[in-house]
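Analysis of the macromolecular model
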Amino acid sequence: MILSEQLSKKIVNIMSDNNIIDSHLDAAYIYCIDFALDLVLFNLSIIIIGALTHNFILSVIYVTVLVPTKMLAGGAHAGSTYACCSISYSVYLLCMLLCRLIPGIPVLNILVCLVTGIGICALSPVPHKNKKQSYQAKHKIKKYCCFCIGIIYILLSVVLSFRLYRYGNLIMICLTIVFVNQIIGLFINNGGRK
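Quick caveat, the model's predicted, so the values are computed rather than measured.

Description of the overall build of the protein chain
Regarding its fold elements, the protein chain presents 7 helices and 0 strands. Sequence-ordered secondary structure for the protein chain, helices as α and strands as β, is α-α-α-α-α-α-α. Principal axes of the C-alpha set define a box for the protein chain whose edges measure 60 × 40 × 25 Å. Put simply, the protein chain has 194 residues, and 37% of those count as buried. When contacts within the protein chain are restricted to residue pairs at least 6 apart in sequence, long-range pairs at least 24 apart make up 78% of them. For the protein chain, the exposed area adds up to about 11300 Å²; of that, 71% sits on carbon and sulfur atoms. Taken as two groups, the 15 positive and 6 negative side-chain charges of the protein chain have centres that lie 22 Å from each other.

Structure below.
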């Protein structure tokens, strides 16, 4: 988010000016603080937007399903902060629209979530040229990703058992987005090589 980037620069400038950190480490601190602030501010803004538009529970499910799964699974990344911000909010709005438009068909939710969940686990973590990981780190992330997908399957079972089909649609859409993002990331990041 643009706000988190600006805030992280200001925080690091204050820390550097007061000799709390070495100035040659500014870029690393900006990156870390920006990442943390972005995570908090984006998720909070999605939940606030959801509350204001009477989509609070949908927004909480969106954040709960999409954010950790995408972080663990990896995939394509936007080229700039502005592009990332635009894409992120556009995807959220598209999800809110689609979960209402798609008819509530539990069998469809289950099948799509099963296929995309298995695909996400198989592809995770998608390699990136700027993020080198050891075999052990990749294996650990894959285990966390599989655990996350398992929790999402439980959530899907609960919402479908209560006939909350809109929530089931949202979970299905979120997993599909993560899976498609992984496929795009494989080709963009490494030319299709894993």
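Having put the structure on the table, let's press on.
Digging into the nonpolar core
Ranked by internal contacts, the top residues of the largest apolar core, which has 34 residues, are Tyr62, Leu170, Ile171 and Leu175. In this structure, leucine 170 is in contact with Leu58, Ile61, Tyr62, Cys95, Met96 and Cys99, ignoring residues within four places of it in sequence.

Let's talk about the side chain of threonine 116
Within the secondary structure layout, threonine 116 lies in helix α5 (residues 106–123). The class for threonine 116 is buried, based on a relative accessible area of 6%. Only 2.8 Å separates the side chain of threonine 116 from the backbone oxygen of valine 112, close enough to count as a polar contact. Setting aside residues up to four positions removed in sequence, threonine 116 forms contacts with Leu175, Thr176 and Phe179.

A short note on the packing of helix α2 (residues 26–52) against helix α3 (residues 56–73)
Closest axis-to-axis distance for the α2/α3 pair is 7 Å, and the angle between their directions is 155°. Compared by their axis directions, α2 and α3 come out roughly antiparallel. Between α2 and α3 lies a crossing whose hand is right-handed. Residues Phe35, Leu39, Asn43, Ile46, Ile47, Gly50 and Ala51 of α2 form the contact with α3, whose participating residues are Phe56, Ser59, Val60, Tyr62, Val63, Val67 and Met71. Classifying every residue of the contact of α2 with α3 gives 11 nonpolar, 3 polar and no charged.

Digging into the packing of aromatic side chains
In total, this model carries 2 aromatic pairs according to the counting rule given. Arranged with centres 5.2 Å apart and planes meeting at 70°, the rings of tyrosine 62 and tyrosine 92 form a pair that is edge-to-face. Taken together, the residues span a long stretch of sequence, with tyrosine 62 in helix α3 and tyrosine 92 in helix α4 (residues 81–101) at a distance of 30 residues. Neither residue differs from the other here; tyrosine 62 and tyrosine 92 are each classed as buried.

Brief notes about a nonpolar patch on the surface
There is a patch of nonpolar side chains on the surface, built from Phe147, Ile151, Ile154, Val158, Phe162 and Leu164 and spanning about 610 Å² of accessible area. Its location among the elements puts isoleucine 154 in helix α6 (residues 135–161). Residue isoleucine 154 is classed as exposed on the basis of its relative accessible area of 52%.

Digging into the pattern of salt bridges
In this structure the tally under the stated criterion is 1 salt bridge. The partner of lysine 9 in a salt bridge is glutamate 5, with the nearest N and O atoms 4.0 Å apart. With lysine 9 and glutamate 5 both in helix α1 (residues 2–17), this residue pair falls 4 residues apart, about one helical turn.

What to know about α1
With 16 residues, α1 extends 23 Å from end C-alpha to end C-alpha; this agrees with the ideal 22 Å at 1.5 Å per step. Within α1, the full set of buried residues consists of Ser4, Glu5, Ser8, Val12, Met15 and Ser16. Taken down its axis, α1 places every buried residue within 100° of arc, on the same side. Across from the buried face of α1, at angles greater than 90 degrees, the exposed residues are Lys10, Ile14 and Asp17. On its buried side, α1 packs onto α2 and α4.

Parameters at a glance
- Residues numbered from 1 in each chain as written.
- Predicted model: local features only at pLDDT ≥ 70, side-chain atom pairs only at ≥ 80, totals over all residues.
- Heavy atoms only, no water.
- Helix = DSSP H or I, 4+ residues; strand = E, 2+ residues; numbered from the N terminus.
- Buried < 20%, exposed > 50% of the residue type's maximum accessible area, 1.4 Å probe, protein only.
- Contact = heavy atoms within 4.5 Å.
- Areas by Shrake-Rupley, 256 points an atom, 1.4 Å probe, with all protein chains shown as cover.
- Lys, Arg positive; Asp, Glu negative; His and termini not counted.
- Charge placed at Lys NZ, Arg CZ, Asp CG, Glu CD.
- Core = buried A, V, L, I, M, F, W, Y, C linked by side-chain atoms within 4.5 Å.
- Polar contact = N/O pair within 3.5 Å; in protein donor to acceptor, adjacent residues only side chain to side chain.
- Axes fitted to C-alpha atoms, helices over the stretch in contact; angles between N-to-C directions.
- Parallel < 35°, antiparallel > 145°, perpendicular 65-115°, else oblique.
- Left-handed = near helix turned anticlockwise from the far one by under 90°.
- Nonpolar A, V, L, I, M, F, W, Y, C, P; charged D, E, K, R; others polar.
- Phe/Tyr/Trp six-rings, centres within 6.5 Å; stacked < 30°, edge-to-face > 60°.
- Patch = residues over 30% accessible without salt bridge, like charges linked within 9 Å, V, L, I, M, F, W, Y side chains within 5 Å.
- Salt bridge = Lys/Arg side-chain N within 4 Å of Asp/Glu carboxyl O.
- Expected span 1.5 Å × (residues − 1).
- Arc of directions from axis to C-beta.

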